[in-house]
Structure formats: C-alpha cells, structure tokens
Amino acid sequence: MKAGVIGYPIQHSKSPVIHQYWLDKHKINGSYQSIEIKPENLEVKIRELVNQGYNGFNVTIPHKENIFKICDEVNEAAKKIGAVNTVVIKDKKLFGTNTDAFGFIQNIKSCQPIDFSKKKALILGAGGASRAIIFGLLEEGVQEIILTNRTIEKAEKLKQLNPQKIKIINWEEKENFLNQVDLLINTTSLGMKDQNPLTINLENLSSKALVTDIVYNPLMTSLLTQAKDRGNPIVTGIGMLLHQARPAFEAWTGIMPEVTKDLEQKVLL
Ligand code: ATR
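Residues numbered from 1 in each chain as written. Predicted model: local features only at pLDDT ≥ 70, side-chain atom pairs only at ≥ 80, totals over all residues. Heavy atoms only, no water.

Trainee: How do you make sense of the overall build of the chain when you look at a structure like this?
Mentor: Helix and strand content of the chain: nine helices and twelve strands. In summary, the chain has a C-alpha radius of gyration of 19 Å against a globular reference of 18 Å for 269 residues, a match within 12%. Dimensions along the principal axes, computed over C-alpha positions, put the chain at roughly 55 × 35 × 35 Å. Looking at the chain as a whole, 48% of its 269 residues are labelled buried. The long-range fraction of contacts in the chain, counting pairs at least 24 apart against all pairs at least 6 apart in sequence, stands at 64%. If you sum the accessible surface of the chain, you get close to 12,900 Å²; carbon and sulfur atoms cover 47% of it. (Helix = DSSP H or I, 4+ residues; strand = E, 2+ residues; numbered from the N terminus. Rg over C-alpha atoms; globule rule 2.2 N^0.38 Å. Buried < 20%, exposed > 50% of the residue type's maximum accessible area, 1.4 Å probe, protein only. Contact = heavy atoms within 4.5 Å. Areas by Shrake-Rupley, 256 points an atom, 1.4 Å probe, with all protein chains shown as cover.)

Laid out in structure tokens, this is it:
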C-alpha cells in the first residue's frame, strides 16, 4: 500500500500515526506519508502521486474543496458535505469521498448503542465539521436538529440540507432549548487549546442527554467536564478523527481496521 495525506501546512496531521499503526498491526507492507502540497501545485503534484502508483490519499486544509475538480468521480457524501477528505486511486482514476460523517456517527455508536431516529440534537456551530455531522445525522434518520451559530447566515445555508428537520435558533438563546434535546454537539472551535472557552449553562439539559465535542485538544473540554460532573454521558472528540480514517484504510488495503484505546493513546501523545 502506498498512501498519504496532502495538505499545506501538513506537519500537524495525525493521519500518519493512525495509518502507520494499522499498517503495523496488520503486518501490511506499505507506507503512509505526509505530503506537503501548496495550493498552486495541487493538480501537478496529484498527477505525480498517480504516476508513482499511490493507492490514494487523505485530503486536509486547504485542498478539501479544490480537489473536487481534479477527481474523476465524487460520491454523494462528499457532494453534500461540500468537501473531499479521502481519494481512492484505481486505474489512474481518482474517486473522491468524505468519511467525516461516518467518523462522527461511528464514534458515538462505538461508545453506546443508539437509535438516532428517536433523537433530537442541538448543534452548536455551522462550519465545515457541522455540515458533515448534520449530513451524518440526517442519514441516520435523526428526528430533529436544532442548529445555532454565532453567524446566523451560515446556519441558514446548512438548513438547506433538510429544511423540514433543521430548525435555526439564535446563538444567545441556545440554553433555552437544552431541555428539548437528547444530544448536544459542539462543532465550534470554542474550547480548543488557545481559543476562547465555550460558555454554556447546562442546567436545562436532561441528565440522560449525550454530550459530545469535536474538539480533542484538550480531550476533556470544559463542556465535557461540565457535562460529566452533572452525570451526563459524554463522547470525546478524538474518536471522530480515528473513525473517519477507517474507510480510507479499508479502501486501500481491503481491511477495515479497529479503533482501540492503544491507538487513541498514541494519537494523543
Ligand atoms: P470547521 O471546519 O472545524 O467546522 P470552521 O468552518 O472554521 O471550522 O467553523 C468554525 C465554527 O466555530 C463556526 O461555527 C464558527 O462560528 P462563525 O460561523 O460565527 O464564525 C465557530 N466559532 C469560532 N469562534 C467562535 C466564537 N468566538 N464564538 C462563537 N462561535 C465561534
């Protein structure tokens, strides 16, 4: 197997650690490299990867959207999410997919059995990650999504994914809706190391509601700590990153790898 992750900058990507772990675990002879590609060189460099016999590559900032026009085919998930994070190369042709929604859903399912069709979710944030998560929840048949974002126009755009199921509320009134939901999901960058914290009063949230955060540095964000302290089930953000990598590894090797605590530890180091 010959694969990698393309981006610019690329040195912070955790993907090489994840894929190398699985290559070692499954005793597969292969390589997974970080490949720095400047935006202006994207097409030329990708043709080089194809000619070098790559099985595919992951895609990160800033190429997730520009890669569309270079792919020969792009699947439904990538189109709806508006970004490609995984490319599979077959017969010199590029097939673009997006595994972020899969990663989010599988992370939750791996922590507890859940029937999303019976759940209402409150989602904080309306950026790229939010779009993938909304797509994933809609695919799972979620009952309702209450969506809020500091910039309301961005939430309005995401509502188009399913106007019947998505309801938009103002950022300032989010706490008033906590008593209506079974899932609380932070998709904003608030709470991330060196960013502002997410300030939210969870008083109105049912103690059975599941709370999850896509931020994983720190792993226990103040949102998750607050939720855990009042007895809510929580799911940390690192699992989304680990699970989104699984379908890519499967596409390149034929093996669907598992997410383990050991892998999580290695990635968090
Ligand atoms: P990603 O791809 O990780 O989703 P993004 O598309 O840049 O990143 O989205 C970042 C999200 O965090 C957005 O919802 C953003 O809100 P805006 O759309 O209003 O910018 C949210 N966010 C970032 N800083 C914020 C802050 N200080 N207060 C509230 N929301 C914030």
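Trainee: Quick question: what am I supposed to make of the packing of helix α1 (residues 15–25) against helix α8 (residues 238–253) here?
Mentor: Packed helix pairs are characterised by how far apart their axes lie and by the angle those axes make with each other. Taken N-terminus to C-terminus, the directions of α1 and α8 make an angle of 50°; their axes are 10 Å apart at the nearest point. Taken together, the axes of α1 and α8 lie oblique to each other. Here the hand of the crossing between α1 and α8 comes out right-handed. Judged by residue contacts, Ile-18, His-19, Trp-22 and Leu-23 of α1 engage Leu-241, Leu-242, Ala-245, Arg-246, Ala-248, Phe-249 and Trp-252 from α8. When the residues that make up the contact of α1 with α8 are grouped by side-chain class, the tally is nine nonpolar, one polar and one charged. (Axes fitted to C-alpha atoms, helices over the stretch in contact; angles between N-to-C directions. Parallel < 35°, antiparallel > 145°, perpendicular 65-115°, else oblique. Left-handed = near helix turned anticlockwise from the far one by under 90°. Nonpolar A, V, L, I, M, F, W, Y, C, P; charged D, E, K, R; others polar.)

Trainee: Sorry, what's going on with the pattern of salt bridges here?
Mentor: Pairing between side chains of opposite charge can happen when their charged atoms approach one another. By the definition in use, this model includes ten salt bridges. In this structure, Glu-43 and Arg-47 form a salt bridge, with 3.7 Å as the shortest nitrogen-oxygen distance. Of this pair, Glu-43 and Arg-47 both sit in helix α2 (residues 42–51), four residues apart, which is roughly one turn of the helix. With relative accessibility at 43%, the residue Glu-43 sits in the partly exposed group. Overall, Arg-47 belongs to the partly exposed group, its relative accessible area being 34%. (Salt bridge = Lys/Arg side-chain N within 4 Å of Asp/Glu carboxyl O.)

Trainee: What am I meant to see in the domain arrangement of the chain here?
Mentor: Note: interface size is frequently given as the accessible area lost on complex formation between the parts. We note that the domain assignment places domain 1 (2–98 + 240–268) and domain 2 (113–232) within the chain. Placing the centre of domain 1 and that of domain 2 at their C-alpha centroids yields a distance of 27 Å. The interface of domain 1 with domain 2 comprises nine residues on the first partner and eight residues on the second. With both chains or domains summed, domain 1 and domain 2 bury close to 750 Å², and 83% of this area falls on carbon and sulfur atoms. For domain 1, the biggest contributors to the area lost against domain 2 are Lys-80, Ile-81 and Met-240; these three give 59% of the whole. Put simply, domain 1 and domain 2 have zero salt bridges between them. Listed by contribution, the elements that provide at least two residues to the side of domain 1 that touches domain 2 are α3 (76–81), α8 and α9 (261–268). No other element matches α3, which puts three residues into the side of domain 1 that touches domain 2. Of the residues in the side of domain 1 that touches domain 2, the class split is five nonpolar, one polar and three charged. (Domains from an automatic or database assignment. Buried area = accessible area lost by both parts, 1.4 Å probe.)

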